Amino acid sequence: MSTKKRSRDDTDKKAPRKSDSAAAAAAAPPAKKHRRFDGDAAPAPAPAAPTASRMDVNEAAFPRGGGTSLTPVELREAGIEGRKMAEDEDKLFKDGTASTKSKKEKKARTSVGAAKAKKATATEGGKETSETLRVEHLNYKRLTPGTKLLCKIALITPLELVLSLPSQLLGHVPITNLSSIFTSRLTAAANAASASSSAESDDEDDEDDDGLPSLNDLFHTGQWVRAAVAEVHSGAGAAGRVTKEGEELVRASRKVELTLDPKAVNEGVVKADLQRGFTVTGAVRSQEDHGYLIDLGLTDVDGFVSNGDLKKAGLVSDDKPLQLGQLLPLTVSTVTENTRTCTLSPDPTLNAQTILTSASTLSSLLPGALVNGLITAVVPMGLNVKFLGFFDGTIDRDHIPFAPGTLEERFPVGKKIKARLMWDSPTSNPKRFALSLLPHLVGLKQITVGEGELEPAEAYPRGMIIDAVKVVRVESERGLVVSIPDSPMSGFVHISQISDDHVPSISGHAGTYRVGSKHRARVVGIALADGVVQLSLRASVLDKAFMRVSDAKVGEVVQGTVKKVSSERIFVAIQGNVDALVWPLHFSDVRLKNPEKKYKVGVSVKCRILTAEPERNRVTVTLKKSLVKSDLPIVADIDDAKVGMVTHAVVAAFKDKGVLVDFFGRRRAFVSLGEISDTYTRDPSEHLYLGQLVKVRITKVERDASRIFASIRQSAEGAEPEEVVDPLASIQIGSAVTGTVSEFREPNIVVLLEPNKTRALCSIANLAHHQGLSVAALRESVRTGETLPDLMVVSKNPDKGIVIVSNNPRAKVQAAGPSKPLDTDSLKDGQVLPGRVVGRSAKGLNVQISSNMRGQLAITDLADDFALVADKTTPKPGDEIKCVVVHVNRSKRTVDLSTRPSRVNPAKKGKVADREIGAVGELKVGETLRGFVTNISDAGLFVALGRGVTARVQIREMFDEFVKEWKPRFNEGQLVQGRVLSANAESRKVELSLRSEKALKKTARLTDFSVGDKVKATVRKVEPYGVFLRIDGSNVSGLCHKSELADDPKADVARALEAFSEGDAVKAIILSIDEEKGKISFGLKPSYFTQDDFEADLARPTEEDDEDEDDEDEDVEMAEAQGAGSDEGEDDDEEGEDDEDDEEGEDADFVEDGSDDEDAAPSRPAPSRPQPAASAPSAKAKAKAPVQALELSGGFSWSAQNEDDDFDARGLESDSDEEGASADEDNGKKKKRRKGTTIERDLTQDLSTKAPESTTDFERLLLGSPNSSFLWIQYMSFQLQLSEVDKAREVGRRALKAIGYREEQEKLNIWIALLNLENTYGTEKTLDTVFKEAAQYNDAETIHLRLASILEQADKHEKTEEIYQRAAKKFGASPRVWVAFAEYYMRQGRVDDARALLPRSLKSLDKRDHVHTISKFAQLEFKLGDAERGKTLFEGIVDSYPKQLDLWFVYADMLNKQGDLSGIRAIFDRVLALKLSSKKAKSVFKKWLAMEKDADDEEGVEEVKRRAVAWTQANIKGDEEDEAEE
């Protein structure tokens, strides 16, 4: 008793010492921190609570160390009792009888054990008590850096090891975490690869490295290793698609990074621990004569392994030494006397069976050590054990072998066990260990299944179905432990894998998953370290067609659901672990241009598996119904291909010699050209198309080369497979053959030999020499498909399939024409010769007149009547003809021939319908001729009229009426008839017209006009650089440059251009004419004209005025469409002036767009039209206002802004009305035929006082105010009222173009209007498009906030929040965004979300913006949230920044809005308590006074005044100093 009392007193004395100083407690001797157990020496049990509290205090003071929880006395008594028990057991086995002891001895022998069991276990039916250790599963949260584990290698990749950890966890070891020595080798190899080849390493170890070993050379799957946690990542692993099978295991292991480096694994081991039997992990440091030095990660001890021991263990051989840095599991054999080197054994059996008997400290215990233990408690989750006499450990129920009976029955307290350390818990106090009793862990053995001793991964592959697993244990919140029939392994079903529905907990006594129930399960994984098969009971998992890509059956028909559709691929869910892919060739039996129209997302489809590629983790299927329903055998592998088999294939690619077709399983076959069709096949694309489903018959299989040959033409039902015969076998060198020309391939001709269509090459030069022709002549004479009868086989190459042929030298060639060779000197004009047609073109025929000469027969020299030529009665290539020489060009060695009957037989006089024309000089202007179209170009036609005479027909001269698409009406060789317009013998240019005689008489030409002529014209087109005019009654058009519109050089030319529109009649003067280029220029300046010019037009109506109005419209359309003659020159002018006035160009386009409305033309303001002079219509001669306009003071001005504006449109109206009445009496009949003979009354004079009511009104207003966004938005609203959404969009787009670039705010208003429009009337896509454009052209932050406001007003809160989130991410440095976001949340009642934005914003904003942002958030609290919280925020910032009066004032304003007058007074009292200058004080009192007045508190007003006077008197002396400081 005295000893225990003294021990307890010592403990009580140390307790306050720990509370006073933690450092003093940590420095206390380890012997004094042992936990006390009250033994049987005490007559009465001590109170449990005080004892426990003293133990807790002592334990907390010593978080680490190798101490025990027993007192020195109890430790000594336990040792004595242990030795006595050992002696008694020895006597028992030696004598064979049990030794009898007295009751006193028995009581003494069991006293210590009973006392410890009473205090330490207290199982009470298996329930945990305060004295037991809690058994916990290992999870990712409990894994901390430094945790050591016993692991098993599950997968080896080139750069890492995937380890199976206890409790079904996974981790990975990068190649750089194996050992420091191996890492040094990796670094050296990387440096050597990047260094110069001349650099030499001084490291002798590196010189021995021939190359780095792979991880497969250093480790093997299933190997046990010790590892330490290096880092635990918070994420769930890398995201993205799994690119190959098995990669999902690698990704799952990314969460935990481990290291195998002995320095980390053996950390805590000291020299004293290296006793015989101690197991340790080492890395090979160097190779010595008799063995290897081992790095144990200890600073003062090295290891050595002999070669003999390594060879006995099978780790090395003569040709396979150990690698530097390689890890070995080793057992200490001996330690040298100097304790600096220890001898190690690599024997795996010794390493697995050696039991650890002692350890100096807790840190000396390493996972993987085999120990003897004593059961101290049984708890629901497992066992509490004590091993090595001092150390505590737990055993999880998952690591206890399953057997009948309860844990209490199988493992009573005090039972001795043999277990292996699995992992430690470095954060527990004291440090604890988890052990395992599983046989494969205790013996470090490999689990095998079945008689074939299969590995677990082979016996239970992922996706395997197990029909009946039996539930043996239920963990309500974790899952089910099940037994697998006829298997040494148990199964585990996680709670998340029990059902597709959420299962919060499981009952083991009732329900579907009670103990003893059986279920159908599917394997989803293997936990190698625990020896557990991971299973799933979920219906969705059980229904999957496959769990691994390698399990997908090629050719199987499956049901799928379309998930995603694009023109490039379709993704289909097919009840597998991956979605299937459909390539475009397999979308359908026919090619689909828009597959999204046929396949909608979510539609169920029937498909067939084409390929399963585990290396890519990809499955491809086909949606071709013909292939899905095909019952023909499939070819998925080279072994499936049998000669004679008929199957389906898909055309995949075209080749020069055939076509490639696809079978299943990425297997292809080649179909040669001869096997595509029974007919000759030159191009496979003429018979087949990509993606076409064809039936083929396999004709040849080369298994060694993995090649298949097939035939399409032999695949017909009932057709017997033809014997594959070498096509070159029947061809003998030197034999005569016949061939057909297939194609030209310089310098050869490809010939198909009869009868088997074997391809052969024949030299073009050889063929030309044999026929006595030049190479060029031969190319023209020989055509594809022509038969070459006299050929001889020169050589053949069966390997390459090439045959060379040439002309047979013994064959005689009979050339057309005379046998005697001819030359140009012997030929004479008029000589008649026989010939053979060898070629044909649009210009005529090529005729062979001798063996060495050819002549040209023009198309106009074929017959006297061109109608016969048009009827295709002319000779064809190969025909024999009689021709006459009409011209010989000896310098060029050319001969012109003719077959006209009038030439060949001049004595026989016949009718010549089309005379012969040999030169341009023979043509007469106005003559009507026929000719043949020889060329069709964009500028017009070229017509052959005679030999060497070609005329041009411009577009405008083709038809009387306007024809837009004129090219399809003509063909080369077509016979046409026209009238000669001009013929220049010097330039040899002829102009021809195909128009009718009436049309030609009516139309004036460019040559009919001269410079200075004043003509009536019509505006054809208005451009920013001028006006295009067409002279009435002609096709002549030209440009009036903008500089020729007004006499005043300072006049507003842009406004003048706005006044013109297409179809306006004007009076113009011709300034210049360029006949060569076909250009004409006009002038419209008022100074060019006099009063007489207009009066003359009234008195003398022209022929054009009498023409029908429809004819004029047709002429205008023709002039616009033809683009020839003067139009070509105008185009040049347009390009030259195009860049001159960009801004004017924009305005011109805008006016032109606006004038499309029908109401706009008659309502155009009269003063802005150029009618006073040059542009006055010729038919409006009664309007004398132009003459008066010329007399205005200050000169003529387009803007009409001079002092004579009193002479306005009203005067113009009255004059024109009076004169118009007089003119009507005299010329009433003529007026009906004229357009626009009166000046219309201006109806816009009251527009400024009347709201716009039509499109015309808006257009007028916008002419005067094009930069007004208000007008444009009103215009858009007007269109929307008419349900013209598209026109409203067009108005908005016009506004963006018309508004000047400096008017940024006006443009912004238009963009906001467009956003509102798309939000209300558009789709999400159109809204997104406009939003992106707006953000590009404006301040992106403003656009984001405006769009968010628009969406909020439309109650689209999900999109609103998305925009705010995007803005906060993109513009996080802007306080405005955060405040707007918070205000939105406040308005929606999401106060907590709004408040959470404040700390987020402060992380993104600059410090200088923090005060402003907090102030804004505080104001939001006052307005929309909690006023008290707003006060708190304001109090914080005014305390931190008391000198910023604006913060105080805002604070006071918020209180004022709350009506808190007392709070306002308190605020100002605090402000006045600060040291203020007189200027600041004045502003404070002024603010305070205003608030008191707002509250109508007279007493308060007087009090403020009194306080102001008092403050002034008290601080008047320091005013000057304060102001100076300011």
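Only a predicted model underlies this, so the values are computations on that prediction, with no experimental measurement involved.

About the cut-offs
Residues numbered from 1 in each chain as written. Predicted model: local features only at pLDDT ≥ 70, side-chain atom pairs only at ≥ 80, totals over all residues. Heavy atoms only, no water. Helix = DSSP H or I, 4+ residues; strand = E, 2+ residues; numbered from the N terminus. Buried < 20%, exposed > 50% of the residue type's maximum accessible area, 1.4 Å probe, protein only. Contact = heavy atoms within 4.5 Å. Areas by Shrake-Rupley, 256 points an atom, 1.4 Å probe, with all protein chains shown as cover. Pairing = 2+ DSSP bridges. Axes fitted to C-alpha atoms, helices over the stretch in contact; angles between N-to-C directions. Core = buried A, V, L, I, M, F, W, Y, C linked by side-chain atoms within 4.5 Å. Expected span 1.5 Å × (residues − 1). Parallel < 35°, antiparallel > 145°, perpendicular 65-115°, else oblique. Left-handed = near helix turned anticlockwise from the far one by under 90°. Nonpolar A, V, L, I, M, F, W, Y, C, P; charged D, E, K, R; others polar. Phe/Tyr/Trp six-rings, centres within 6.5 Å; stacked < 30°, edge-to-face > 60°. Lys NZ or Arg CZ within 6 Å of the ring centre and 35° of its normal. Patch = residues over 30% accessible without salt bridge, like charges linked within 9 Å, V, L, I, M, F, W, Y side chains within 5 Å. Salt bridge = Lys/Arg side-chain N within 4 Å of Asp/Glu carboxyl O. Lys, Arg positive; Asp, Glu negative; His and termini not counted. Charge placed at Lys NZ, Arg CZ, Asp CG, Glu CD. pLDDT = per-residue confidence, 0-100. Arc of directions from axis to C-beta. Polar contact = N/O pair within 3.5 Å; in protein donor to acceptor, adjacent residues only side chain to side chain.

## Notes on the overall build of the protein
Then, in step 1: Summing up its helical and strand segments, the protein has 47 helices and 50 strands in all.
Then, in step 2: Residues counted as buried form 44% of the 1526 residues belonging to the protein.
Then, in step 3: Here the contacts in the protein between residues at least 6 apart in sequence split such that 62% fall between residues at least 24 apart.
Then, in step 4: As displayed, the protein has an accessible area near 79500 Å², and 49% of this comes from carbon and sulfur atoms.

## Topic: the sheet that holds strand E16 (residues 465-475)
Then, in step 1: Around the barrel, which closes on itself, the five strands sit in the order E16-E17-E18-E20-E19 with mixed pairing between neighbours. The sheet shows a mean angle of 50 degrees between the axes of neighbouring strands, direction not considered.
Then, in step 2: Inspection of the sheet shows E16 paired to strand E17 (residues 479-483) by five bridges, in the antiparallel sense. Residue pairing for E17: Val 474 is matched across the bridge by Leu 480.

## Some remarks on the nonpolar core
Then, in step 1: Of all hydrophobic cores here, the largest spans 86 residues; its most connected members are Trp 1272, Leu 1315, Ile 1343, Phe 1417, Phe 1468, Leu 1476 and Val 1484.
Then, in step 2: Other than its neighbours up to four places away in sequence, Phe 1417 contacts Trp 1378, Val 1379, Ala 1382, Ala 1394, Leu 1397, Leu 1398, Ser 1401 and Leu 1433.
Then, in step 3: In terms of nonpolar packing, the next biggest core, distinct from the first, is built from 44 residues, Leu 298, Val 301, Val 332 and Leu 407 among them.

## So, helix H41 (residues 1410-1424)
Then, in step 1: In this model, H41 (15 residues) spans 21 Å end to end at C-alpha, consistent with the 21 Å of a helix rising 1.5 Å per residue.
Then, in step 2: Among the residues of H41, those classed as buried are His 1410, Val 1411, Thr 1413, Ile 1414, Ser 1415, Phe 1417, Ala 1418, Gln 1419, Leu 1420, Glu 1421 and Phe 1422.
Then, in step 3: Buried residues belonging to H41 abut helix H39 (1375-1387), helix H40 (1391-1404), helix H42 (1427-1440) and helix H43 (1445-1458).

## Here we look at the packing of helix H33 (residues 1269-1281) against helix H34 (residues 1285-1298)
Then, in step 1: Interaxial distance between H33 and H34 falls to 8 Å at its minimum, and their mutual angle equals 170 degrees. Our classification of the angle between H33 and H34 gives roughly antiparallel. Taken as a pair, H33 and H34 cross one another with a handedness that is right-handed. Residues Trp 1272, Tyr 1275, Met 1276, Gln 1279 and Leu 1280 of H33 lie in contact with H34, whose contacting residues are Val 1285, Lys 1287, Ala 1288, Val 1291, Gly 1292, Arg 1294, Ala 1295 and Ala 1298.
Then, in step 2: Taken together, the residues of the contact of H33 with H34 break down into nine nonpolar, two polar and two charged.

## Some remarks on unusual backbone geometry
Then, in step 1: Unusually for a residue other than glycine, Ser 706 sits at a positive phi of about 55 degrees.
Then, in step 2: Along the chain, the position of Ser 706 falls in the loop between strand E29 (693-702) and strand E30 (707-711).
Then, in step 3: Positive phi outside glycine occurs at Asp 1496, with the angle close to 55 degrees.
Then, in step 4: By secondary structure assignment, the location of Asp 1496 is in the loop between helix H45 (1478-1494) and helix H46 (1498-1515).
Then, in step 5: The class for Asp 1496 is exposed, based on a relative accessible area of 67%.

## What to know about the sheet that holds strand E10 (residues 341-345)
Then, in step 1: Strand order in the closed barrel made by the five strands is E6-E7-E8-E10-E9, with mixed pairing throughout. Geometrically, the sheet is characterised by an average inter-axis angle of 55 degrees between neighbouring strands, direction not taken into account.
Then, in step 2: Pairing of strand E6 (residues 279-287) with strand E9 (residues 327-335) involves five bridges; the strand directions are antiparallel. Its bridge partner lying in E9, Gly 282 is registered against Leu 328.

## Here's the deal with the pairing of strand E4 (residues 224-232)
Then, in step 1: Taken together, the five bridges between strand E1 (residues 148-157) and E4 define a ladder with antiparallel strand orientation. Across the sheet, residue Leu 149 finds its bridge partner in E4, namely Ala 227.
Then, in step 2: By the bridge criterion, four bridges tie E4 to strand E5 (residues 256-259) in an arrangement that is antiparallel. Across the sheet, Val 229 pairs through a bridge with Leu 258, a residue of E5.

## Thoughts on the packing of aromatic side chains
Then, in step 1: Evaluation of the coordinates by the stated rule reveals 19 aromatic pairs.
Then, in step 2: Ring geometry for Tyr 1384 versus Tyr 1385: centroids 5.9 Å apart, planes at 40 degrees, classification tilted.
Then, in step 3: The class for Tyr 1385 is buried, based on a relative accessible area of 3%.
Then, in step 4: Following the ring pairs from residue to residue traces out a cluster consisting of Phe 387, Phe 390, Phe 391 and Phe 433.
Then, in step 5: When the ring centre of Phe 709 is taken as origin, the NZ or CZ atom of Lys 700, which lies over that ring, is 5.5 Å away.
Then, in step 6: Residue placement shows Arg 969 over the ring face of Phe 959; its charged tip is 5.1 Å from the ring centre.

## Some details on the pairing of strand E50 (residues 1079-1083)
Then, in step 1: Burial analysis of E50 places four of its five residues in the buried class, the great majority of the element.
Then, in step 2: Bridge analysis of strand E49 (residues 1065-1074) against E50 gives five bridges, and the strand direction is antiparallel. Looking at the pairing, Ile 1073 lines up with Ile 1080 of E50.
Then, in step 3: From the end of E49 to the start of E50, which pair antiparallel, there are four residues, and Gly 1078 there has a positive phi angle of about 70 degrees.

## Things to note about a negative patch on the surface
Then, in step 1: Residues Asp 1494, Asp 1496, Glu 1498 and Glu 1502 make up a contiguous surface patch of negative charge.
Then, in step 2: Relative to the assigned elements, Asp 1494 resides in helix H45.
Then, in step 3: On the accessibility criterion, Asp 1494 (58% relative accessible area) is exposed.

## Overview of the environment of Phe 571
Then, in step 1: Following the sequence through the fold, Phe 571 ends up in strand E22 (residues 570-573).
Then, in step 2: Counting along the chain gives 11 residues from Phe 571 to Val 582, while the straight-line C-alpha distance between them is 6.4 Å.
Then, in step 3: Beyond its immediate chain neighbours, meaning those up to four positions away, Phe 571 contacts Thr 561, Val 562, Lys 563, Lys 564, Ala 580 and Leu 581.

## Regarding the side chain of Asp 530
Then, in step 1: With respect to the helices and strands, the residue Asp 530 is situated in the loop between strand E19 (518-527) and strand E20 (532-536).
Then, in step 2: Arg 478 provides the closest opposite charge to the buried, unpaired Asp 530, separated from it by 6.7 Å.
Then, in step 3: When neighbours within four sequence positions are excluded, Asp 530 is seen to be in contact with Leu 165, Pro 166, Ser 167, Gln 168, His 399, Leu 438 and His 440.

## What to know about a nonpolar patch on the surface
Then, in step 1: On the surface, Val 794, Ile 802 and Ile 804 cluster together into a nonpolar patch covering about 200 Å² of accessible area.
Then, in step 2: Note on placement: Val 794 falls in strand E34 (residues 787-797).

## A look at a positive patch on the surface
Then, in step 1: Together, Lys 598, Lys 606, Lys 625 and Lys 629 make up a positively charged patch on the protein surface.
Then, in step 2: By the element assignment, Lys 629 lies in the loop between helix H18 (625-628) and strand E26 (646-655).

## Some points on the confidence of the model for the protein
Then, in step 1: Per-residue pLDDT for the protein has a mean of 76; in total, 75% of the residues score no lower than 70.
Then, in step 2: When pLDDT is averaged over each element of the protein, E5 comes out on top at 94 and helix H30 (residues 1185-1190) at the bottom at 33.
Then, in step 3: Counting interchain partners and residues more than four positions distant, the pLDDT-below-50 stretch residues 1-67 has 80 contacts.
Then, in step 4: Contacts for the low-pLDDT stretch residues 811-819, under 50 throughout, to residues beyond four places or in other chains number 15 contacts.

## Concerning the packing of helix H38 (residues 1357-1370) against H39
Then, in step 1: Viewed as axis vectors pointing N to C, H38 and H39 meet at an angle of 155 degrees, and their least axial separation amounts to 9 Å. Between H38 and H39, the angle falls in the class roughly antiparallel. Remark: the crossing between H38 and H39 carries left-handed chirality. Contacts between H38 and H39 involve His 1357, Thr 1360, Glu 1361, Tyr 1364, Gln 1365, Ala 1367 and Ala 1368 from the first element and Val 1377, Trp 1378, Ala 1380, Phe 1381, Tyr 1384, Tyr 1385 and Arg 1387 from the second.
Then, in step 2: In the contact of H38 with H39, the residues fall into nine nonpolar, three polar and two charged.

## Here we look at H46
Then, in step 1: Here H46 spans 26 Å end to end across 18 residues, near enough to the 26 Å set by a 1.5 Å rise per residue.
Then, in step 2: For H46, the complete set of buried residues consists of Gly 1500, Val 1501, Val 1504 and Trp 1511. One face of H46 carries all of its buried residues, which in axial projection span an arc of 105 degrees. Residues of H46 that are exposed and point more than 90 degrees away from the buried face comprise Glu 1498, Glu 1499, Gln 1513 and Ala 1514.
Then, in step 3: Here the buried face of H46 lies against helix H44 (1461-1472) and H45.
Then, in step 4: You can read the cap of H46 off the contacts: a side-chain oxygen lies 3.2 Å from the backbone nitrogen of Glu 1499, and it is on Asp 1497.

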